[in-house]
Each structure stands twice: as C-alpha cells, then as structure tokens.
Amino acid sequence: MDETRITGSDPESIRILESALRRLNNGFQDLEPNSTNIIGIRQIEEVLLEVADRMKDNFPYFHPLYAGQMMKPPHPLARLAYMLALYINPNNHALDGGRASSHMEKEAVARIAAMFGWETFLGHLTGGGTMANLEALWLAGQVHPGKLIVASSQAHYTHTRLSKVLGLPFQTVPANRFGKMDMEELKRLLNMGPIGTLVATIGTTATGATDPLPEILRLQEEHGFRIHADTAYGGYFTLAGTLAAPTREVYDRLGEVDSIVVDPHKHGMQPYGCGCILFKDPSVGVHYKHDSPYTYFSSDELHLGEISLECSRPGASAVALWATQTLLPMVKEGEFAGLLDLGREAALLLYGKLKTDNRFITAFAPELDILIWAPKASSVTECSKRSRQLFEQAGRNNLHLALAELPCHFFDLDREDILRDRDTITCLRSVLMKPEHKEWLPRLWEILSQSMDHILR
Ligand SMILES: *Cc1c(COP(=O)(O)O)cnc(C)c1O
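Note that this is a predicted model, so its numbers are computed, not measured.

A. Quick peek at the packing of aromatic side chains. Scanning all chains against the criterion turns up 7 aromatic pairs. Ring centres of Phe 59 and Tyr 66 lie 6.4 Å apart, and the angle between their planes is 40°; on these two criteria the pair is classed as tilted. Accessibility expressed as a relative area gives 5% for Tyr 66, which makes it buried. Seen in terms of ring centroids, Tyr 61 and Tyr 66 are 5.2 Å apart; in terms of plane orientation they differ by 75°. Their pairing is edge-to-face. Grouping aromatic residues by their ring pairs yields a cluster made of Phe 59, Tyr 61 and Tyr 66.

Next comes the structure, spelled out in structure tokens:
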C-alpha cells in the first residue's frame, strides 16, 4: 500500500464505505430496480482527476506541520458518514425531507447540550458559527427589542456585522492585556445605560482567551442583561482536563448563560457546514413560530425547520456529527477530551520554548490551544516586519503558521525594551488543534528555530 500523506485517505476507508453502502441499499430492497447506468463515467473520471489537480493548490491543512489558522481535518468517520449520507442527501428542514437524519440531529444536539449540563433546551445545527450567532442575536433582539448588544473588542467581527443586519445597536467593550473583556470598562458602560445582551466570547478566535464569565454573571444579577456565550471555537474545551484553574472556573459556569454557540466544524472534527445554537429556555421557540404552544417545540415530531431561520440544511452534517460522537463520546476524561488536551499540551510546550528563547517575545500564556508570539526587535514596526519574514521563511520549509494583527498591549513591550511606535503588532499565530501537534512539536520547533536563524543571518 502506498504511504499516504493525506490523513485517512487509505484504501481501507473506501472499502468501509462500500460495505456501508451495500447495507444502506438493503434498506430499499422492495423498490423496483432502477438500474440507470451512469452515463459518461469516463468523462466523470476525467473531470474528477482535473479536480484533483486543481485541489493541489492548497496549504496542506491535514498535515501536522500546518499549524496556522483554525483548520482541523474531519475525523475519517465523519467524512465517511457524510459521504454515505450523500447517497440519500436528506434535508433536515423537515421530517419528510430527512427522517433518520433529523432524529440523529436531535440526538447529536442533545449530546452537545449535555456537555454544558443542559437537559432541557432548544437547539439545532446550523451552517456554521455565523448563522448560529445570527439566531442568538436575532432572538436577543426579540426578547429585548432595540436594546444594546455588547461584545469585547476581541469578539469575532461577525457580531458587529450581524447586529447591523438585525438593526440592533452594538457597542464594543475594550479587551484587557490578557485578551479578555475588560470588566472596569464594562462597569463604566453599565453606568451609562442599560445593556440588552452581552456576548461573552469563551475562547476568542485570535488568542483563545476567555471572557471572565463569573464576574459577568455577578454583574448580570445586578443589571439583568441577557448573556450569549460565543464558544464557536472553545465550547468543546469544557471537556478538557488540562485547563488552568481560572479558565476552568469560566467553563464551570457556562451552563448559566442564556444561549450558547458551538461549532462542530471547528473542534468537533466535522466537515464545514456544521455549527450549533442552543437556548437554555425552550419557550423561546415561540419567537420562531408565533402560534405554536411551547410543548410543540420539544415534541418528538418537531420539524427542525420550525425552530431554525435557515430552511434547507444538509442532513449529512447531522449524520456525520452523530457518527463521530458515537465513536468518540463527549465526556470528561474520555478519548475525545484527551485529543483536545493533546493540542493544548502542544501549545504549552511551544509557549515554554518561545518564552525562554531570547529571539522571541510572547504574550499571556495560552488558555486553550492557540498561541501568539513575535520575533524580538528594537521596535514594534521591526518586530512586525520580522513576523512577516518568519511566516514566509517557515512556509518555504513546509511549516505553515498564520499572521495576526493584534493590540500591542498583549505583549509586555516595556519589559522587553521594545519601542512602541505602533498600536498594533503583526505577530505569528498558531492554532495547535490537531492531536498530532504534540508528537510533532520537536519537528515543528526545529523548523521554526532554523527559519528564525535564517532571517537573522
Ligand atoms: C469561527 C468563529 C465564529 C464564526 O463561525 P463560522 O463557523 O466561521 O461561521 C464566530 N465566533 C467565534 C468565537 C469563532 O471562533
């Protein structure tokens, strides 16, 4: 067998798909045979090979030396289950468009809710984190019409944009030097007027920082705003065993918020097109369909399209997610949780190496598995320039990092005696979200170190 470089592309997985397809076919045996030969199979192969050629023009997202953006390959089972489901191509908009896959969606979503300790809730899958957040903010606007939405300056930019789409007033709360929503600034804002909904980002996209939820909940008691937790990236880390105590505290309070977004297509090992929105109070379902009683929304016969802003949705997404969760149950200390811990351990290892190497400057310790750092130089402008050079040089050596433009105050420039001649710094960012990253860390570091030496020559 050829050594495969594309993770999970082995002939064995194609064999498994064939046997599952035969099993699926058995379920439709009373149908009259419909033996349409696929016309033009030769042309199909030709075009598919052309597609393979076109697809070579990509960074190798599946490889452990891709350590840049938030890209995690789907689990081989997710890919197979998705492909298998495509032969039916169910639509989870309604039960008659996808009966089995709608039930699997309900089960899969209940498993995600259980991760946050929610037994009763309202929720469904979405096309992604953006759509899931749109529903959360839309609902926030239904509950608190016209009232202010706030999120930290490190929240995903989608919240600003979605608030505009929804015609809701939006304000940013500055982030402190740990990348978290600044509580003093929030209090100042609360003194100026009421807030309808606060978006707490638990795991920011740039650095994986978590907003201080325990303190936000304390302020909620006083001021009565709604809390929406955007854990599109970080949600699954509630299962991790390696969080630092303050981060653990944030996750332990997550079940107290009003709504949660989590993206199975980020840390849930799913193909793109899989987000999830959860509301703690199922009665919010009335906002989707005004004339239905609450019980209707939690009934077994619920059509998912009745509690979703999107209409047609891929049943295959639900099938892939259900299969992955069945193989790797989402429980603390389980195998799935262990895979999250591996990435986090990789981030801590790399952080330790960078911190003790005087060619680099680091920011706050990573809370999850995302790390930011920069080459050290005399000024921020010079650090930024070297970040770009290191990004290019590492890429030439097959180590793929990412660049990020972040506030200077994330780095302790005074201690490092670096001239702050700009407000933001171009730094390097690594999302170490593949379980293999830990094992590959020595190699990753070797290339990073050599690339740095090369640009300093
Ligand atoms: C990725 C992300 C989003 C956007 O989600 P998509 O799935 O890309 O649409 C929103 N918020 C946070 C915190 C994210 O990390």
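B. Structural detail: the layout of surface pockets. Approximately 1400 Å³ is the volume found for the largest pocket. Forming the walls of the largest pocket are 38 residues, and the residues nearest its centre are Ile 6, Thr 7, Met 55, Phe 62 and Arg 79. Among the elements of the structure, helix H1 (11-26), helix H2 (41-55), helix H3 (76-86) and helix H15 (437-456) are those that each provide at least two residues to the lining of the largest pocket. Counting contributing residues, the lining of the largest pocket receives three or more from each of domain 1 (99-327) and domain 2 (335-455).

C. Local environment of empty space enclosed by the protein. According to the stated counting rule, one finds 2 cavities of 30 Å³ or more in the structure shown. Approximately 50 Å³ is the volume attributed to the largest cavity. As for the largest cavity, its lining consists of Glu 105, Leu 125, Thr 126, Gly 127, Gly 273, Glu 310, Arg 313, Pro 314, Ser 317 and Ala 318. Elements represented by at least two residues in the lining of the largest cavity include exactly strand E1 (122-126) and helix H11 (315-327). Of the residues that constitute the lining of the largest cavity, the class distribution is 3 nonpolar, 4 polar and 3 charged. Of the voids in this model, the second largest cavity is the one considered here, and its volume is about 40 Å³. Contributing to the lining of the second largest cavity are Tyr 236, Gly 268, Gln 270, Leu 321, Thr 324, Gln 325, Leu 328, Met 330 and Phe 336. It is H11 that provides the largest number of residues to the lining of the second largest cavity, a total of 3 residues. For the lining of the second largest cavity, the residue count by class is 5 nonpolar, 4 polar and no charged.

D. Structural context of the pattern of salt bridges. Counting across every chain of the model gives 20 salt bridges. Three or more residues are tied together by salt bridges with common partners; here these are Lys 376, Asp 412, Arg 415 and Glu 416.

E. Geometry of the domain arrangement of the chain. Along its sequence, the chain is carved into domain 1 (99-327) and domain 2 (335-455). For domain 1 versus domain 2, the separation of C-alpha centres amounts to 29 Å. At the interface, 31 residues of domain 1 touch 21 residues of domain 2. In total, domain 1 and domain 2 occlude about 2200 Å² of area from one another, counting both sides; carbon and sulfur atoms represent 64% of this. Of all residues in domain 1, Thr 207, Phe 237 and Thr 242 bury the most surface against domain 2, accounting for 25% of the area lost on that side. The interface formed by domain 1 and domain 2 contains 1 salt bridge. Residue Lys 180 pairs with Glu 367 through a salt bridge whose shortest N-O separation is 3.0 Å. In this assembly, domain 1 and domain 2 are joined by 12 residue pairs in polar contact (both at pLDDT 80 or more).

F. Representation of the sheet that holds strand E8 (residues 360-362). Taken together, the 4 strands give an open sheet; going across it, the order is E8-E9-E11-E10, and neighbouring strands pair in antiparallel fashion. For this open sheet the edge positions go to E8 and strand E10 (402-407), each flanked by a neighbour on one side alone. Across this sheet, the average inter-strand angle for adjacent strands is 45°, counted without regard to direction. Across 4 bridges, the pairing between strand E9 (residues 370-375) and strand E11 (residues 424-431) is antiparallel. What sits directly across from Ile 370, in E11, is Val 431. Sitting on the sheet, helix H12 (residues 335-355) is in contact with E8 and E9, with an inclination near 20° to E9.

Calculation criteria
- Residues numbered from 1 in each chain as written.
- Predicted model: local features only at pLDDT ≥ 70, side-chain atom pairs only at ≥ 80, totals over all residues.
- Heavy atoms only, no water.
- Phe/Tyr/Trp six-rings, centres within 6.5 Å; stacked < 30°, edge-to-face > 60°.
- Buried < 20%, exposed > 50% of the residue type's maximum accessible area, 1.4 Å probe, protein only.
- 1 Å grid on protein atoms, 1.4 Å probe; cavity = no way out; pocket = protein on both sides within 12 Å on 5 of 7 lines; lining within 4 Å.
- Points joined across faces, edges and corners; volume = space filled by probe spheres on them.
- Helix = DSSP H or I, 4+ residues; strand = E, 2+ residues; numbered from the N terminus.
- Domains from an automatic or database assignment.
- Nonpolar A, V, L, I, M, F, W, Y, C, P; charged D, E, K, R; others polar.
- Salt bridge = Lys/Arg side-chain N within 4 Å of Asp/Glu carboxyl O.
- Contact = heavy atoms within 4.5 Å.
- Buried area = accessible area lost by both parts, 1.4 Å probe.
- Polar contact = N/O pair within 3.5 Å; in protein donor to acceptor, adjacent residues only side chain to side chain.
- Pairing = 2+ DSSP bridges.
- Axes fitted to C-alpha atoms, helices over the stretch in contact; angles between N-to-C directions.

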